[in-house]
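Descriptive analysis of the structure
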Amino acid sequence: KAPFTGVPGTDKERTFIAIKPDGVQRGLIAAIIARFENKGFKLVALKMLWPTKEKAESHYADLATKPFFKGLVAYFSSGPIVAMVWEGKDAIKTGRVLLGATNPAAAVPGTIRGDLAISVGRNICHGSDGPESAVHEIANWFAPEEVSDYPRSLDEWIVSDN
Ligand code: GDP
Ligand code: MG
């Protein structure tokens with residue numbers, strides 16, 4: 001059985017995707033989830049939670065030296081988020097493609113940020129940026145029993161071996 005954090009590089013690759021407080025406030029939960037569902041990725045975990053300041057700080061620990069860190073932590077802990085784990089081949093990299101560039105001004109139309117956001121400080125969504133951060137972030141926000149490992153018969157119409 002695969003670890004609940006997934007197995008990067010396989011069909012069981014998993015990524016942590018979050019709808020940030022502004023995405024929730026703006027009523028974009030369904031629209032963002034739809035991008036991932038329509039793409040063909042499989043939702044294996046989902047919950048709403050209100051991040052504490054401490055949890056936001058640890059989530060963004062790698063950015064602690066940035067001038068915008070304090071504002072970023074305040075932003076991420078300013079209301080409930082929707083935390084999710086999505087599974088599928090290249091879910092980490094392709095998930096970032098669906099989100100679009102960090103700065104919505106540079107994000108191309110067709111991406112979530114490119115279509116739905118304007119400011120880098122209010123860019124509505126988060127996605128793991130690599131295999132190590134995906135494993136770390138999934139474990140940081142979810143307990144093993146919150147992630148559902150389930151077969152999907154539709155997969156033969158979405159995934160081919162080559
Ligand atoms: P991401 O992985 O695409 O989310 O981007 P980063 O990991 O580089 O940054 C994390 C988050 O910090 C981004 O999603 C933005 O919300 C925020 N951020 C990044 N750069 C800036 C910036 O220059 N100014 C502000 N205000 N926020 C930023
Ligand atoms: Mg990042």
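Now for a description of the structure that goes with this document.

Rules used in this analysis
- Going along each chain's sequence as written, the residues are numbered from 1 onward.
- Working convention: letters from A go to chains and numbers from 1 go to ligands, in the order in which they are written.
- Given that this is a predicted model, residues contribute local features only at a pLDDT of at least 70 and side-chain atom pairs are listed and counted only at 80 or more, while totals for whole chains, interfaces and linings are drawn from all residues.
- Only heavy atoms go into the side-chain values, all of them from the structure, while hydrogens and water stay out.
- For each residue, the test is whether any non-hydrogen atom lies within 4 Å of the molecule or strand; if one does, the residue is near.
- Think of a polar contact as two N or O atoms within 3.5 Å of one another; within protein, one of them needs to be a possible hydrogen donor and the other a possible acceptor, and neighboring residues in sequence only count if both atoms come from side chains.
- Accessible surface is estimated by sampling points in the Shrake-Rupley manner with a 1.4 Å probe; for residues, cover comes only from the protein chains shown.
- Note on definitions: the grid is 1 Å and covers protein atoms alone; a cavity is a set of points where a 1.4 Å probe fits but cannot get out; a pocket is an open set with protein on both sides within 12 Å along at least five of seven lines; lining residues have an atom within 4 Å of a point.
- A molecule is counted as occupying a cavity or pocket when more than half of its atoms fall within 2 Å of that pocket's grid points.
- Grid points are joined across faces, edges and corners, and a volume is the space filled by probe spheres set on the points.
- What counts as a helix is a DSSP run of H or I of at least four residues, what counts as a strand is a run of E of at least two, and both are numbered from the N terminus.
- When residues are grouped by polarity, Ala, Val, Leu, Ile, Met, Phe, Trp, Tyr, Cys and Pro land in nonpolar, Asp, Glu, Lys and Arg in charged, and all others, Gly among them, in polar.

**Examining the site of ligand 1**
By nearness alone, every residue bordering ligand 1 is listed as Lys20, Tyr60, Leu63, Phe68, Leu72, Tyr75, Arg96, Thr102, Arg113, Val120, Gly121 and Asn123. Arg96 places a side-chain nitrogen or oxygen 2.6 Å from an oxygen atom of ligand 1. Asn123 places a polar side-chain atom, nitrogen or oxygen, 2.8 Å from an oxygen atom of ligand 1. Coverage of ligand 1 by the protein chains reaches 73% of its 540 Å² of free accessible surface. According to the grid-proximity analysis, the pocket containing ligand 1 is the largest pocket.

**Observations concerning the layout of surface pockets**
What the largest pocket holds in volume is close to 530 Å³. Considering the residues around the largest pocket, the lining is formed by 23 residues, among which Tyr60, Asp62, Leu63, Leu72 and His126 are closest to the centre. Of all the secondary-structure elements, those providing two or more residues to the lining of the largest pocket are helix H3 (53-59), helix H4 (69-76), strand E4 (125-127) and helix H7 (131-141). Across the lining of the largest pocket, the residue classes tally to 7 nonpolar, 10 polar and 6 charged. Space inside the second largest pocket adds up to approximately 380 Å³. In terms of lining residues, the second largest pocket is bounded by 15 residues, among which Gly40, Gly88, Lys89, Ile158 and Val159 are the most central.

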